[in-house]
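Observations on chain architecture
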Amino acid sequence: MAERRLLVLFGSQTGTAQDTAERIGREAKRRHLQCRVEALDSCDVANLIHEPLVVFVCATTGQGDPPDNMKMFWRFLFRKNLPASSLCQLDYAVLGLGDSSYPKFNFVAKKLHKRLLQLGGNPLLPVALGDDQHDLGPDAVVDPWLVALWDKILALYPLPPGLEIISPDVRLPPKYTLHYLPEDTPPPDSDLLQLTAPRAAPCELHPFAAPVVSNQRVTAQSHFQDVRLMEFDIAGSGITFSAGDVVMVQPQNCPEDVQQFCQLLRLEPHRRFVLEPTEPGTPLPPLLPQPCSIRYLVTHYLDISCVPRRSFFELLASFSTNELEREKLQEFSSAQGQEELYSYCSRPRRTMLEAMWDFPHTTCAIPADYLLDLIPRIRPRAFSIASSMLAHPQRMQILVAVVRYKTWLSKPRRGLCSTWLASLNPEQGDVRVPLWVKKGGMKFPADPGTPVIMIGPGTGVAPFRAAIQERVALGRRGNCLFFGCRHKSKDFYCQTEWEELVTKGLLTLFTAFSRDQEEKVYVQHRIRENGRLVWELLSSGNAHVYLAG
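All values reported here derive from a predicted model rather than from experimental measurement.

Remarks on the overall build of the protein
The number of helices and strands found in the protein is 17 helices and 21 strands. Its C-alpha atoms give the protein principal-axis dimensions of about 85 × 60 × 50 Å. For the protein, the residues scored as buried account for 49% of the 549 residues in total. Within the protein, residue pairs in contact and separated by at least 24 positions form 76% of the contacts whose partners lie at least 6 positions apart. As presented, the protein carries roughly 26,800 Å² of accessible surface, and 53% of it is formed by carbon and sulfur atoms. The positive charge centre, built from 60 side chains, and the negative charge centre, built from 59, are 5 Å apart in the protein.

Okay, structure coming up:
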């Protein structure tokens, strides 16, 4: 009998595609299939020729771009020299997750489906196009598509004799078991991940712990928004960057949330443990030291402030011993309950920790072994780099708008990363931020004669500050900036810096302060007023135009 094995590969930017891929993995286990779930860039693409059955789950980002964790796979798959029969032994299915309010809706899934077909693959089903805009979200497409997928797979790979599909009422084993070390085990030298300067340039698995040099508020105290200009010391890190590049920051949960979480789940923060995979061959989570303390796990790894997904409630329901709570959790994890779940979670941006407060009987029954199945890891956040190494060697600066807003929940919503960054005070000792750099999507012209028109309202000006510093240091003129904000006196970032460059004739600056007069004025009004100059730069100067929000 053919080997019953399935590979589920995902390309995910925000975690939705990964969540869906893991759901398929769980459903495969219920059907007694051997199943691996991996990010597309973690798998060796050359091995696809040996895989009989693969399900691809991929999101589309930006203007029809593949997510970061499938970019290498994407480049390989579209190589011109791949033979047309490369994948003739492959049965596959593609599930796309997108948003139909974008012009290139599910572009990656459609293009992947077509390319696999060109390479001789055999599609089990038409490509599924999940849509965020649907009232029930992508699940409106995903749920019925998965029913059809399992019918096809079980027709090809029937259940072995004497085995039944494991009922949804039966809880699957956890991915890892958590073995507590005896209380008297001596702790390691440091519970912190060893964030030393690695041999190669820092990356997600080896971030650089950059000391915070300064953290300065650049909006007036009376202004509604708190925006920070932060500077990091990157000496000895091996990090290099140019204008348009992006820094990835790995944030952490605040101590109050960590304490609340541990109290709710009756966990002892100081206890240390080692993880053991339930199935041999499952890799341990990267970025978690072994052994590790509960406090480290909750502070640096578990995303307890994210908005929970349907899968969270599904697993939570299986722990519940309280009938009332279990009924509600089952409703939230059913297809019919998705509208209610949206109203409870997504619309008010309720966090996982807050949802746990609402189900106290269930929460205190969560086995520690399931923490990593229940709660996703904290994802890194991207910031445009707002300085040039030519102007500030060994340093890196970013402009951070602290995210804080109200929904109908009594407590204001706060951005995890920006709130944490704003709280760091370098005057209170050695404060460090784990970070690494990624190439950005903006490339500035190599030809010194090419003028540059930059349109950067608000914190969108950050990459242009890097570009202007770089271009000025290289003696390049033709720098034209359109900047907009609410008030000249409250949120005109880097005002003195721009004015000095204008005085020296190195920058042409147009500003729009939307609330400083009766009628609102925005950058587009200033572009229209200066249309003749803009057209001249474009037509005879061959200018490049950049826009950042």
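Observations regarding the packing of aromatic side chains
Across all of its chains, the model carries 12 aromatic pairs by this definition. With a centroid separation of 5.1 Å and an interplanar angle of 90°, the aromatic rings of Phe 312 and Phe 313 are classed as edge-to-face. The residues Phe 312 and Phe 313 share a single accessibility class, namely buried. Plain terms: the ring middles of Phe 313 and Tyr 344 are 6.2 Å apart, the flat faces sit at 70° to each other, and that makes the pair edge-to-face. Within this pair, whereas Phe 313 is found in helix 7 (residues 310-319), its partner Tyr 344 is found in helix 9 (residues 338-346), the two being separated by 31 residues in sequence. Judged by relative accessible area, Phe 313 falls into the buried class, the value being 0%. Clustering of aromatic rings is evident, with ring pairs tying together Phe 312, Phe 313, Phe 332 and Tyr 344.

Topic: the UniProt feature "domain: FAD-binding FR-type" (unreviewed entry) in the protein
According to UniProt, the feature "domain: FAD-binding FR-type" (unreviewed entry) maps to residues 205-445 in the numbering used here. End C-alpha atoms of residues 205-445 are separated by 32 Å, and the span's content is 29% helix alongside 21% strand.

Focus on the pairing of strand 19 (residues 479-485)
Strand 19 sits mainly inside the fold: 7 of its 7 residues count as buried. Neither face of strand 19 is open: one carries Asn 479, Leu 481, Phe 483 and Cys 485, the other Cys 480, Phe 482 and Gly 484, and all of them are buried. Regarding the hand of the β-α-β motif, the stretch spanning strand 18 (residues 452-455), helix 14 (residues 462-473) and strand 19 is right-handed. Relative to strand 20 (residues 508-513), strand 19 runs parallel, the two sharing 6 bridges. By the bridge assignment for strand 20, Phe 482 is matched with Phe 510.

Side note on a nonpolar patch on the surface
A cluster of nonpolar residues, Trp 535, Leu 538 and Val 545, forms a patch on the protein surface that exposes about 310 Å² of accessible area. For Val 545, the location among the structural elements is in strand 21 (residues 544-547).

Thresholds applied
- Residues numbered from 1 in each chain as written.
- Predicted model: local features only at pLDDT ≥ 70, side-chain atom pairs only at ≥ 80, totals over all residues.
- Heavy atoms only, no water.
- Helix = DSSP H or I, 4+ residues; strand = E, 2+ residues; numbered from the N terminus.
- Buried < 20%, exposed > 50% of the residue type's maximum accessible area, 1.4 Å probe, protein only.
- Contact = heavy atoms within 4.5 Å.
- Areas by Shrake-Rupley, 256 points an atom, 1.4 Å probe, with all protein chains shown as cover.
- Lys, Arg positive; Asp, Glu negative; His and termini not counted.
- Charge placed at Lys NZ, Arg CZ, Asp CG, Glu CD.
- Phe/Tyr/Trp six-rings, centres within 6.5 Å; stacked < 30°, edge-to-face > 60°.
- UniProt positions renumbered as here; feature names shortened; annotations may be inferred.
- Right-handed = clockwise from strand over helix to strand, strands pointing away.
- Pairing = 2+ DSSP bridges.
- Patch = residues over 30% accessible without salt bridge, like charges linked within 9 Å, V, L, I, M, F, W, Y side chains within 5 Å.
- Salt bridge = Lys/Arg side-chain N within 4 Å of Asp/Glu carboxyl O.

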